[in-house]
Amino acid sequence: MGNTPGREEMDLLSEEIRKCRRCPLWKEAINAVPGEGSVDAAVLFIGEAPGKREDQTGRPFVGRAGRLLDRLLRDIGLSRETVFIANIVKHRPPGNRDPREEEILSCSPYLERQIRIIRPEIIVTLGRHSMRFILSRLPVEFGRITDARGRVYAGVLFDVPVRVIPTFHPAAALYNPAYRAGLEEDFRTVQRELHDNNQEGR
Ligand code: SF4
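This text gives an overview of the structure that appears in the document. (Residues numbered from 1 in each chain as written. Predicted model: local features only at pLDDT ≥ 70, side-chain atom pairs only at ≥ 80, totals over all residues. Heavy atoms only, no water.)

Attention shifts here to the site of the ligand. Lining the immediate environment of the ligand, one finds Cys20, Arg22, Cys23, Leu25, Trp26, Val89, Lys90, His91, Ser106, Cys107 and Tyr110. At a threshold of 2 Å from the grid points, most atoms of the ligand map onto the largest cavity. A class-by-class count of the residues in the shell around the ligand yields 7 nonpolar, 2 polar and 2 charged. (Near = heavy atom within 4 Å. 1 Å grid on protein atoms, 1.4 Å probe; cavity = no way out; pocket = protein on both sides within 12 Å on 5 of 7 lines; lining within 4 Å. Sits in = over half its atoms within 2 Å of the grid points. Nonpolar A, V, L, I, M, F, W, Y, C, P; charged D, E, K, R; others polar.)

Next up, the structure:
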């Protein structure tokens, strides 16, 4: 698995991201956070941008929100090794501000290339910014995250047929039990979609 062409391509892409100077975000960042996981993953999780701990470590979703994500994955029989976890923007915006439109435009071609390499069956967007970015490109109509979350949106994204399931960002669920319950419910939807697809493939 470690020597598949997809793995090599992803490793080269991660190197390219680490050297990237396409927008100013690299200047105040410690590390780029290209993303990590299996290039053969059936499920790709997409957040918005790295935070402080991610910037320090170069890894996506570490710290408390990351631990919650790990637990949610484990509860539906998945792990960091079997999925792929990435962000739209690969360097941390200073002070955790929202990435600017031009930064998203500069950086998102990397995510597009990651999606083309992985060709996931399911994309789970974490938080409203990620949801907006992906669903508007599917393209489908959608409302607020509280309405869209847990729904399954089918379409073709960057030539890859996918089902997109939006949910809350795990960081938002740390302080809001309702969001936590919503996340758990939406992860069960991911599990069901994966299971149904495996049944159909038999
Ligand atoms: S945020 Fe993206 S576009 Fe900007 S420097 Fe980093 S990798 Fe390049």
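On we go.
Considered as a void within the structure, the largest pocket measures approximately 650 Å³ in volume. If you trace the largest pocket, you find 30 residues lining it, with Glu48, Ala49, Asn96, His169 and Ala171 closest to the centre. In the lining of the largest pocket, the residues fall into 15 nonpolar, 7 polar and 8 charged. Quantified by volume, the second largest pocket comes out at close to 210 Å³. (Points joined across faces, edges and corners; volume = space filled by probe spheres on them.)

This part takes up the sheet that holds strand S2 (residues 43–47). Spatially, 6 strands are ordered S1-S3-S2-S4-S6-S5 in an open sheet, and the strand pairing comes out mixed. A strand with exactly one partner marks an edge of an open sheet, and here the two such strands are strand S1 (36–37) and strand S5 (153–157). Pairing between strand S4 (residues 122–126) and strand S6 (residues 160–167): 5 bridges, direction parallel. When the sheet's bridge partners are listed, valine 124 is paired in S6 with isoleucine 165. (Pairing = 2+ DSSP bridges. Helix = DSSP H or I, 4+ residues; strand = E, 2+ residues; numbered from the N terminus.)

Topologically, serine 38 is positioned in the loop between S1 and S2. Among the residues examined, serine 38 registers a relative accessible area of 13% and is labelled buried. For serine 38 and glycine 6, which are 32 residues apart along the polypeptide, the C-alpha to C-alpha distance reads 9.5 Å. Sequence-distant contacts of serine 38, that is, excluding residues within four places in its chain, are made with Glu81, Thr82, Val83, Phe84 and Ile118. At 3.0 Å, the side chain of serine 38 and the backbone nitrogen of aspartate 40 are in polar contact. (Buried < 20%, exposed > 50% of the residue type's maximum accessible area, 1.4 Å probe, protein only. Contact = heavy atoms within 4.5 Å. Polar contact = N/O pair within 3.5 Å; in protein donor to acceptor, adjacent residues only side chain to side chain.)

In this section: the pairing of S4. One face of the sheet, then the other: side chains in a regular strand alternate in exactly this way. Along S4, 5 of the 5 residues are buried, which leaves the element largely enclosed by surrounding structure. Side-chain alternation along S4 places Ile122, Val124 and Leu126 on one buried face and Ile123 and Thr125 on a second face that is also buried. Inspection of the sheet shows S2 paired to S4 by 4 bridges, in the parallel sense. Counterpart to isoleucine 46 in the pairing with S4 is threonine 125.

Ranked by size, the top nonpolar core spans 57 residues in total, and within it Val43, Phe45 and Ile115 carry the most contacts. The biggest single contributor to this core is helix H4 (residues 101–118), with 7 residues. Not counting chain neighbours up to four residues away, the residues in contact with isoleucine 115 comprise Leu44, Ile46, Pro120, Ile123, Ile134, Leu157, Phe158 and Val160. (Core = buried A, V, L, I, M, F, W, Y, C linked by side-chain atoms within 4.5 Å.)

With that out of the way, let us pick up the pattern of salt bridges. Within the structure shown, the criterion is met by 15 salt bridges. For glutamate 103, the salt bridge identified is with arginine 100, shortest N-O distance 3.9 Å. Judged by its relative accessible area of 3%, glutamate 103 falls in the buried class. For arginine 100, a relative accessible area of 44% puts it in the partly exposed group. Here arginine 116 makes a salt bridge to aspartate 159, at a shortest N to O gap of 2.8 Å. One end of the pair, arginine 116, is in helix H4; the other, aspartate 159, is in the loop between S5 and S6, and 43 residues separate them in sequence. On the basis of relative accessible area, aspartate 159 is assigned to the exposed category, the value being 55%. In this structure, a network of salt bridges that share partners links the residues Glu36, Arg59, Asp70 and Arg80. (Salt bridge = Lys/Arg side-chain N within 4 Å of Asp/Glu carboxyl O.)

Once that is clear, we can look at the packing of helix H1 (residues 5–18) against H4. Remark: H1 packs on H4, axes separated minimally by 10 Å, with the N-to-C direction vectors making an angle of 170°. When the axis of H1 is compared with that of H4, the two are roughly antiparallel. Packed against H1, whose contacting residues are Gly6, Glu9, Met10, Leu13, Glu16 and Ile17, the element H4 presents Tyr110, Arg113, Gln114, Ile117 and Ile118 at the interface. Among the residues making up the contact of H1 with H4, the classes are represented as 6 nonpolar, 2 polar and 3 charged. (Axes fitted to C-alpha atoms, helices over the stretch in contact; angles between N-to-C directions. Parallel < 35°, antiparallel > 145°, perpendicular 65-115°, else oblique.)

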